[in-house]
Amino acid sequence: QVQVVESGGGLVQPGGSLRLSCAASGFIFSPNAMAWYRQAPGKQRELVARITAAGETYYGDSVKGRFSMSKDNAKNTEYLQMSSLKPEDTAVYYCSARVGLSDYWGRGTQVTVSS
């Protein structure tokens, strides 16, 4: 069974840091790409970051320079390191894995940036 599981969310003060993890398993083929999206209440889903199988990365303008994405192939896990967090970063963060023409999603992890 395909599983995509996020973890690492929580409450952090503005200016703080947090690292999210995404563990993917059960795929017949390795994902072509993995990505982080987020959705805040009343706002549209937003692409945060994406990494390809070759390790190429993309970051949304709103997080560029503050967030970084990496992966640990041995653990089949990807990470989103978030720093200089702002209240507007508050959202549910979702991990996705693209295999062929299909996207598989985790259930999300809540990140709240507040003093």
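Parameters at a glance
- Residues numbered from 1 in each chain as written.
- Predicted model: local features only at pLDDT ≥ 70, side-chain atom pairs only at ≥ 80, totals over all residues.
- Heavy atoms only, no water.
- Helix = DSSP H or I, 4+ residues; strand = E, 2+ residues; numbered from the N terminus.
- Rg over C-alpha atoms; globule rule 2.2 N^0.38 Å.
- Areas by Shrake-Rupley, 256 points an atom, 1.4 Å probe, with all protein chains shown as cover.
- Lys, Arg positive; Asp, Glu negative; His and termini not counted.
- Charge placed at Lys NZ, Arg CZ, Asp CG, Glu CD.
- Buried < 20%, exposed > 50% of the residue type's maximum accessible area, 1.4 Å probe, protein only.
- Pairing = 2+ DSSP bridges.

A.B. asks: I would appreciate a short explanation of the overall build of the protein in the present structure.
C.D. replies: Helix and strand content of the protein: 0 helices and 11 strands. Written out in order from the N terminus, the α and β elements of the protein read β-β-β-β-β-β-β-β-β-β-β. Over its C-alpha trace the protein gives a radius of gyration of 13 Å, about what one expects of a compact globule, namely 13 Å for 115 residues. Split by element, the accessible area of the protein, about 6600 Å² in all, is 47% carbon and sulfur. Distance from the positive charge centre (12 side chains) to the negative charge centre (9 side chains) of the protein: 1 Å.

A.B. asks: Please clarify how unusual backbone geometry should be interpreted in this entry.
C.D. replies: The bulk of non-glycine residues show a negative phi, and the bulk of peptide bonds are trans. Residues other than glycine seldom take positive phi values, yet N76 does so here, at roughly 50 degrees. Its location among the elements puts N76 in the loop between strand 7 (67-72) and strand 8 (77-82). By relative accessible area, N76 is classed as partly exposed at 39%.

A.B. asks: Is there a simple way to explain the pairing of strand 1 (residues 3-7) in this structure?
C.D. replies: For a regular strand, the rule is simple: side chains alternate between the two faces of the sheet. Side chains V4 and E6 of strand 1 all project onto a buried face; the interleaved residues Q3, V5 and S7 project onto a face where none is buried. Relative to strand 3 (residues 18-25), strand 1 is paired through 5 bridges, and the arrangement is antiparallel. Bridge pairing in strand 3 places Q3 opposite S25.

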